[in-house]
Amino acid sequence: GQSTTGMPEPPAKDADLDSMEAGANEMTIMEEETVWEKIRLLLPWQNDEDKADAEMKSTKRELQQARQALKERRQQVAELEARCNELTERLATMSKEDCPASDAIESIPPPAAPAEEKYAEPEPVAEAPAAAVNNNPTAANYVALEELTPEQWQKIKDLKAAYLAAGGELDEYGDIFILRFLVDKDWKYEKALKKAKSTAAWRAKSGVNGFRKQIASGLVYNEIPNIKELFTTVAVSNAHSRTKAGDLMTFIDYGSLDVNKFFKLLDNSQYFDINNFILEYVSYHSDKLTQETGALVRQFMVIDAGGIGLAHVSLRMFIRFKPIMPLADLYYPELLGGARVLNAAWALHQGWKLVKPLLSKQIQDMVGILDCKHTPGALLKVADPEAVPDFYGGTCTTIPRPAVDWYPKAGMEGVDAAAICPGKKLGAYMRRTLAPDGAPLSSGTK
C-alpha cells in the first residue's frame, strides 16, 4: 500500500476536516453534500473498505438523482401527451367535417357512385371519384372490367405470360389476379412487371400457391389449419359482408385478443401460415367475385381498437406481427380497398407508430383512425345498415351468408363453443349465430 510515513494522523471524524484549507480548486465548487466524501477518497489514510463504502454511498446518491430526473421527465411526457390530446380534440371540434384533424385521426369518405378513376404522382395512389373522397383516407379507385380498353387487355395478356415465365402459377381467375398488378402501378407495365416477378418468386418460396389450390378445390375457411384455435383467442369475422362499393368487409375486435392465450395456443410459424391462408382465402374469393360482378373487388378492413392495452402493443406482439404486416402490401396488390380503426386510444397510436413504417404510403393513406367520439355511425358511410353489425349502428343481428357457412361453430369437431369468439362486442354478436346455446365441446362432423 501507499506509505504514510511523515503524514499527519488521520482525523477522528469528518468534522475535523473543517479546519483543512482545500484551496481554490474544483473541490471548492463541489456540492456541499458530497465534498467531504470526495476528500476522504483522496486522502492517503483512506483504507479499501472505507473507499468501497464511500463509493457505494456515492453511487446510491447518483442512482437516486437519476430516478428523480426520470420521474420528472415522465411527468413532462405525460403533460405533453395530455396537451396533444387536448389540441387534437380542439382541431376535431374546429373541423368542418366534424372529424379529427390530425395525421393519426382522419375522416371517413362518404359513399358515392363510381366514376372515372384518378391517380396521383409520383408514386401511383389509387383514388375514388372526387365526390367520394374527403381528403384522407384515400379510397381505392373503381375498376369495371367492361370499361378496360383493348390496350389494357393486351397489357394483362403480356403480364400474364411474363408472370408464368417467371415461375408464377395462375388459375381460372388469372386475368383478375394479374389485373391487380397493373391497377396498382397505374398501368405502368415495367413497374407492374417488377412487382409481379417478385410476387411469383415469393409465392413459390412461401407455399401459398398450394394454399390457393386447396381453396379453389373447396377448402372452407373453418378448415384452415389452426383457425379454430385462433377463434378462441380473438373475435374476427373475415369477409363478413359487402360495402356499398362491393368490397368484402372484414371485422376484427383487436381489443378482445387474449394475448397470453394467443401465444400459448399458437407459435409464430403457425400464425404466419394462418395469416397467409386468410390472405389467400380473401384473395381468391375477391377474384371470384370480380369475375362474377364485373368490377374489381377488394377487402375493407374494420379494426376495433377499444380495450387495447400495453400487452397488445408489446414487443412480442410486434415481433409476431412484423413479418406479416408488409405481405399484403408487397404481394397482394389492390387487395386492400380501405381500412377504419375504431375506438382508437393512446395505446393504439403507439402501436400505429411501430406498424406504419412497414407499410407503403399508398396503404397508409387508406387507413382512417377514429377515436371513440367519431366511431358511432361511421361505418354507415361506407356500407348499408344491413351489412353493418347492430352494435356499430347497423341492422345486422346475425352473421350473413356465405360467411356464416365458413366460420368455425358449435357442433364442429375441435370447436370449444364456450370459448369461441371472445369479447362483448363482435364476439357476442358472432356467438349469437355460431354458438347460440354456448354448447360444450362437440365431436360432431365438420
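The preceding data block contains the structure.
First things first, this report covers the structure right here in the doc. The model shown is predicted, which means the values in this text are computed figures rather than measured ones.

**Side note on the pairing of strand E7 (residues 367–371)**
- Summarising burial for E7: five of the five residues are buried, a large majority.
- Alternating residues of E7 divide into Val367, Ile369 and Asp371 and Gly368 and Leu370, and every residue in both groups is buried.
- Of the pairings in the sheet, the one linking strand E6 (residues 336–344) to E7 comprises four bridges and is parallel in character. By the bridge assignment for E7, valine 341 is matched with isoleucine 369.

**Focus: helix H6 (residues 208–216)**
- Regarding H6, the residues found buried are Val208, Asn209, Phe211, Arg212 and Ile215. Taken down its axis, H6 places every buried residue within 155° of arc, on the same side.
- In the segment just after H6, glycine 218 is the residue with positive phi, at about 115°.

**So, the pairing of E6**
- Across the nine residues that make up E6, a large majority, nine, are buried.
- Relative to E6, strand E5 (residues 299–304) runs parallel, the two sharing six bridges. What sits directly across from isoleucine 303, in E6, is valine 341.

**Re the side chain of serine 256**
- Checked against the element boundaries, serine 256 lands in the loop between strand E4 (248–253) and helix H8 (259–265).
- Setting aside its immediate chain neighbours within four residues, serine 256 contacts Thr233, Val234, Ala235, Pro422 and Gly423.

**Focus: the pattern of salt bridges**
- Scanning all chains against the criterion turns up 14 salt bridges.
- In this structure, the salt-bridge partner of lysine 160 is aspartate 175, at a minimum N-O distance of 3.1 Å. Within this pair, whereas lysine 160 is found in helix H3 (residues 150–165), its partner aspartate 175 is found in helix H4 (residues 174–184), the two being separated by 15 residues in sequence.
- Assessed through its relative accessible area of 30%, aspartate 175 is described here as partly exposed.
- Where lysine 185 meets aspartate 184, a salt bridge forms, and the shortest distance between an N and an O atom there is 4.0 Å. The residues lysine 185 and aspartate 184 share a single accessibility class, namely buried.
- One salt-bridge network, in which partners are shared between bridges, spans Asp171, Arg180, Arg212 and Asp287.

**Structural notes on the environment of arginine 242**
- Mapped onto the secondary structure, arginine 242 falls in strand E3 (residues 235–242).
- Overall, arginine 242 belongs to the partly exposed group, its relative accessible area being 32%.
- For the pair arginine 242 and aspartate 384, spaced 142 residues apart in the sequence, the C-alpha separation amounts to 8.5 Å.
- Reaching out from arginine 242, the side chain makes a polar contact with the backbone oxygen of glycine 246 at a distance of 2.6 Å.

**Some points on the sheet that holds E3**
- In spatial order, the strands read E3-E4-E5-E6-E7; together these five strands make up an open sheet with mixed pairing. Among the strands making up the open sheet, the edge pair consists of E3 and E7. Within this sheet the neighbouring strands show an average axis-to-axis angle of 15°, counted without direction.
- Contacting E3 and E4, helix H15 (residues 426–434) crosses the sheet at an angle of about 70° to E3.

**A closer look at the environment of tyrosine 331**
- The topology assignment puts tyrosine 331 in helix H11 (residues 327–331).
- Overall, tyrosine 331 belongs to the buried group, its relative accessible area being 17%.
- Those residues within four positions of tyrosine 331 in sequence are excluded, and the remaining contacts are Ser198, Thr199 and Trp202.

**Topic: unusual backbone geometry**
- With an omega of 5°, the peptide bond between arginine 401 and proline 402 qualifies as cis.
- With a phi close to 55°, glutamate 334 is a non-glycine residue in the positive phi region.
- The residue glutamate 334 is located in the loop between H11 and E6 in this model.
- Using a relative accessible area of 4% as the deciding quantity, one classes glutamate 334 as buried.

**Considerations on H4**
- With ten of eleven residues buried, H4 lies mostly within the body of the structure.
- Of all the residues in H4, the buried ones are Gly174, Ile176, Phe177, Ile178, Leu179, Arg180, Phe181, Leu182, Val183 and Asp184.
- Backbone geometry just after H4 places aspartate 186 at a positive phi near 55°.

**Quick look at the nonpolar core**
- In this structure, Tyr221, Phe231, Tyr407 and Met430 are the most contacted members of the largest nonpolar core, which totals 77 residues.
- Here the element with the most residues in this core is helix H9 (residues 268–293); it accounts for nine residues.
- Apart from the residues lying within four places of it in its own chain, the contact partners of tyrosine 407 are Tyr221, Asn222, Phe231, Ser237, Asn238, Ala239, His240, Ile399, Met412, Met430 and Leu434.
- Core analysis: the next-biggest nonpolar cluster, separate from the first, contains 20 residues, Val143, Ile156, Ile176 and Phe177 among them.

**Some words on the packing of H3 against helix H5 (residues 189–206)**
- Between H3 and H5, the least distance of the axes is 9 Å, while the angle of their chain directions is 35°. Of the two possible hands of crossing, H3 and H5 adopt the one that is right-handed. Residues Lys155, Asp158, Leu159, Ala162 and Tyr163 of H3 pack against Tyr189, Ala192, Leu193, Ala196, Thr199, Ala200 and Arg203 of H5.
- Considered class by class, the residues forming the contact of H3 with H5 number eight nonpolar, one polar and three charged.

**Thoughts on the packing of aromatic side chains**
- Tallied over the entire structure, the rule returns 20 aromatic pairs.
- Centre to centre, the rings of tyrosine 163 and phenylalanine 181 are 6.3 Å apart; their planes meet at 40°, and the pair counts as tilted. Here the residue tyrosine 163 occupies a position in helix H3, and phenylalanine 181 occupies one in helix H4, the gap between them amounting to 18 residues. Residues tyrosine 163 and phenylalanine 181 agree in their burial class; the two are buried.
- Arranged with centres 6.0 Å apart and planes meeting at 15°, the rings of phenylalanine 251 and tyrosine 392 form a pair that is stacked. Note that phenylalanine 251 is positioned in strand E4 and tyrosine 392 in the loop between E7 and helix H14 (403–406), a separation of 141 residues in sequence.
- Its relative accessible area of 9% is what places tyrosine 392 among the buried residues.

Calculation notes
Residues numbered from 1 in each chain as written. Predicted model: local features only at pLDDT ≥ 70, side-chain atom pairs only at ≥ 80, totals over all residues. Heavy atoms only, no water. Buried < 20%, exposed > 50% of the residue type's maximum accessible area, 1.4 Å probe, protein only. Helix = DSSP H or I, 4+ residues; strand = E, 2+ residues; numbered from the N terminus. Pairing = 2+ DSSP bridges. Arc of directions from axis to C-beta. Contact = heavy atoms within 4.5 Å. Salt bridge = Lys/Arg side-chain N within 4 Å of Asp/Glu carboxyl O. Polar contact = N/O pair within 3.5 Å; in protein donor to acceptor, adjacent residues only side chain to side chain. Axes fitted to C-alpha atoms, helices over the stretch in contact; angles between N-to-C directions. Core = buried A, V, L, I, M, F, W, Y, C linked by side-chain atoms within 4.5 Å. Left-handed = near helix turned anticlockwise from the far one by under 90°. Nonpolar A, V, L, I, M, F, W, Y, C, P; charged D, E, K, R; others polar. Phe/Tyr/Trp six-rings, centres within 6.5 Å; stacked < 30°, edge-to-face > 60°.

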